[in-house]
Amino acid sequence: MRVIAVLLTAVLSLAPGLVWAAPDLNLVSHPIGYAAIAIFVVAYILVMLEEKIHLAKSKPMLIAAGLIWILVAWAYRAAGADGEVEAAIRHNFLEYAELFFFLLVAMTYINAMLERGVFDQLRIWLLGKGYGYRQLFWITGVLAFCISPVADNLTTALIMCAVVMAVGRESAAFVSLSCINIVVGANAGGAFSPFGDITTLMVWQKGILPFQDFFRLFLPAVVNFLVPAALMHFALPKGKPAQPETYNKVIRPGGLVICALFLATIATAISFHQFLHIPPVFGMMTGLGYLKLFGYYLKRHEEYHWNESYETPPGDRSESRVFNVFSHIARAEWDTLFFFYGVIMAVGGLGFIGYLGMMSATLYGDLGPTFANVMIGVISALVDNIPVMFAVLTMNPAMPDYQWLLVTLTAGVGGSLLSIGSAAGVALMGQARGQYTFLSHLKWTPAIALGYAASIGVHLLISG
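Residues numbered from 1 in each chain as written. Predicted model: local features only at pLDDT ≥ 70, side-chain atom pairs only at ≥ 80, totals over all residues. Heavy atoms only, no water.

**Considerations on the overall build of the protein chain**
Helix and strand counts for the protein chain stand at 22 helices and zero strands. Burial status across the protein chain gives 54% buried among its 464 residues. For the protein chain, the share of sequence-separated contacts (at least 6 apart) that also reach a separation of at least 24 residues comes to 80%. Carbon and sulfur atoms form 67% of the exposed surface of the protein chain, whose accessible area is close to 19900 Å². (Helix = DSSP H or I, 4+ residues; strand = E, 2+ residues; numbered from the N terminus. Buried < 20%, exposed > 50% of the residue type's maximum accessible area, 1.4 Å probe, protein only. Contact = heavy atoms within 4.5 Å. Areas by Shrake-Rupley, 256 points an atom, 1.4 Å probe, with all protein chains shown as cover.)

See the structure below:
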């Protein structure tokens, strides 16, 4: 703390007499604002170098979020307006809390299905069909595109990544390319449905566009997915995964019921929002209750009626073969969850200073809506698309419906340009650690950018 205090004192010493009236407080062109940007940039560089320096991505972002808000709070406290900072932090933390619990429930279900052998059974079924790596690449990508409009793109990506890692565990190249394909497919599929992505949900909740208008983005989303997938197709290995030694049933008791409960959880989350106007996270938490109640029955069943013919699936890290829902919660990807905290709080701090509003004003005021909306997608590859879309909605520029559809499309699929640009990409970096990385995704950014440009062209041709 003494070191932090010294650093803050040094920064504040650049602006002697730092005492503002609260209404006139402006940090955008102040050394504190510049320091906040520098902290964020350094943290993101460290995130990008995770593969090389082996520093977990959450660590620099947690520090960056803390330092940015400390700088802001120090300045506002000197101005006698520290209550504004507290309210802003609570607002940003609430946004993170909703995302945190949503992801935690989804990860818990996926861990439970993994432990029950559901994805091992799917892997055996796919291998039994004799599909090659290229066929499996297209099957998983198309499934990601088709499922994400109903479920969200993040949950879809996590499920399909688990399938890919189970099916193609012998080929790192297949896993890497398939993960890229899944991220692009899930983000593209989520762009034409209000339930597919948080940004589309924000636009719909704001009342900017009616529900049915989002489906006008279907063809642009298909193009966005197909173009890079077609280019990556030729880089895939030509062989087939090794055939399983046996086709016996490996799924453990309760596995299919957990799958059904997961679908019920997704339906609950959608229904809560659609019919009761309750945040979807409450539906997800209710769904966790489904799993916990069934886990109680399953645990008692396995304690007293354990069937020794069911073996613990490979890679199961639990100490006991008896089902324990808390062990699946504990095995969630905590580094990813904490990384999201750092990003949301750090970007929220920059937005509170005024940089996001300034960016939106410059884009829409000086460059025009089409160019601005295209750039929003590019920016969302570097900065989380949620605060970017929030800044656009806050500014509420006067645009026709096809321009609002354009920014919805670009904010949804622009995150596919980089692995850190979307929640799906960040989550898969944690799930397929060492096989799907920032650099492996960056290698195919030109192909993804070509699909990005083609989807924009298709949308403007159809609607513009």
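**Section: the side chain of Thr 108**
Summarising the element assignment, Thr 108 is placed in helix 5 (residues 82-115). What Thr 108 contacts, discounting residues up to four positions off in sequence, is Leu 288, Leu 291, Val 325, His 328 and Ile 329.

**Details of the packing of helix 7 (residues 133-147) against helix 9 (residues 172-190)**
Running from N to C, helix 7 and helix 9 cross one another at 25 degrees; their axes reach a closest spacing of 7 Å. With respect to each other, helix 7 and helix 9 are oriented roughly parallel. As helix 7 runs across helix 9, the sense of the crossing is right-handed. In contact with Tyr 133, Leu 136, Phe 137, Thr 140, Gly 141, Ala 144 and Phe 145 of helix 7, helix 9 contributes Phe 174, Leu 177, Ser 178, Asn 181, Ile 182, Gly 185, Ala 186, Ala 188 and Gly 189. (Axes fitted to C-alpha atoms, helices over the stretch in contact; angles between N-to-C directions. Parallel < 35°, antiparallel > 145°, perpendicular 65-115°, else oblique. Left-handed = near helix turned anticlockwise from the far one by under 90°.)

**As for helix 5**
Side chains three or four residues apart in an α-helix point the same way, a direct result of the helix having 3.6 residues per turn. For helix 5, which comprises 34 residues, the first-to-last C-alpha distance of 48 Å matches the rise-based estimate of 50 Å (1.5 Å per residue) to within 8%. In the stretch just after helix 5, Gly 117 is the one whose phi turns positive, near 80 degrees. (Expected span 1.5 Å × (residues − 1).)

**Structural notes on the pattern of salt bridges**
Throughout the structure, instances matching the rule amount to five salt bridges. Its salt-bridge partner being Glu 115, residue Arg 116 comes within 2.8 Å of it at the nearest N-O pair. Judged by relative accessible area, which is 0%, Arg 116 ranks as buried. A salt bridge links Arg 216 to Asp 213; its shortest N-O distance comes to 3.8 Å. (Salt bridge = Lys/Arg side-chain N within 4 Å of Asp/Glu carboxyl O.)

**Points about the nonpolar core**
As a rule of thumb, nonpolar side chains are buried together in soluble globular proteins. Within the largest apolar cluster, 144 residues are counted, with the highest numbers of intra-cluster contacts made by Phe 40, Met 61 and Leu 428. It is helix 5 that contributes the most residues to this core, 15 residues altogether. Beyond its immediate stretch of four places on either side in the chain, Leu 428 contacts Ala 157, Leu 158, Cys 161, Cys 179, Ile 182, Val 183, Arg 433 and Tyr 436. (Core = buried A, V, L, I, M, F, W, Y, C linked by side-chain atoms within 4.5 Å.)

**Here we look at the packing of aromatic side chains**
Evaluation of the coordinates by the stated rule reveals 21 aromatic pairs. Ring plane angle 85 degrees and centroid distance 5.0 Å describe the contact between Phe 100 and Phe 101, whose orientation is recorded as edge-to-face. Judged by relative accessible area, Phe 101 falls into the partly exposed class, the value being 35%. With a centroid separation of 5.0 Å and 45 degrees between ring planes, the pair formed by Tyr 133 and Phe 174 is classed as tilted. With Tyr 133 in helix 7 and Phe 174 in helix 9, the pair connects residues that are 41 residues apart, well separated along the chain. In terms of burial, Tyr 133 and Phe 174 fall into one category: buried. (Phe/Tyr/Trp six-rings, centres within 6.5 Å; stacked < 30°, edge-to-face > 60°.)

**A closer look at unusual backbone geometry**
The backbone of His 54 sits at a positive phi, close to 55 degrees, despite the residue not being glycine. Inspection of the secondary structure assignment puts His 54 in the loop between helix 3 (50-53) and helix 4 (58-78). For His 277, which is not a glycine, the phi torsion comes out positive at approximately 55 degrees. As for its position among the elements, His 277 is in the loop between helix 12 (255-276) and helix 13 (280-304). By relative accessible area, His 277 is classed as exposed at 68%.

**Examining the environment of Gly 141**
Here Gly 141 shows up in helix 7. Taking the C-alpha atoms as reference, Gly 141 lies 5.1 Å from Ile 182; in sequence the two are 41 residues apart. Excluding its chain neighbours within four sequence positions, the residues that come into contact with Gly 141 are Asn 181 and Phe 225.

**Considerations on the state of the cysteines**
Counted under the stated rule, the structure contains zero disulfides. Residue Cys 161 stays outside any disulfide, its sulfur separated by 3.8 Å from that of Cys 179, the closest cysteine. (Disulfide = S-S within 2.5 Å.)

**What about the environment of Met 285?**
Note on placement: Met 285 falls in helix 13. Owing to a relative accessible area of 34%, Met 285 belongs among the partly exposed residues under this scheme. Sequence separation between Met 285 and Phe 101 is 184 residues, and the spatial gap between their C-alpha atoms is 7.2 Å. In contact with Met 285, not counting residues within four places along its chain, are Phe 101 and Val 105.

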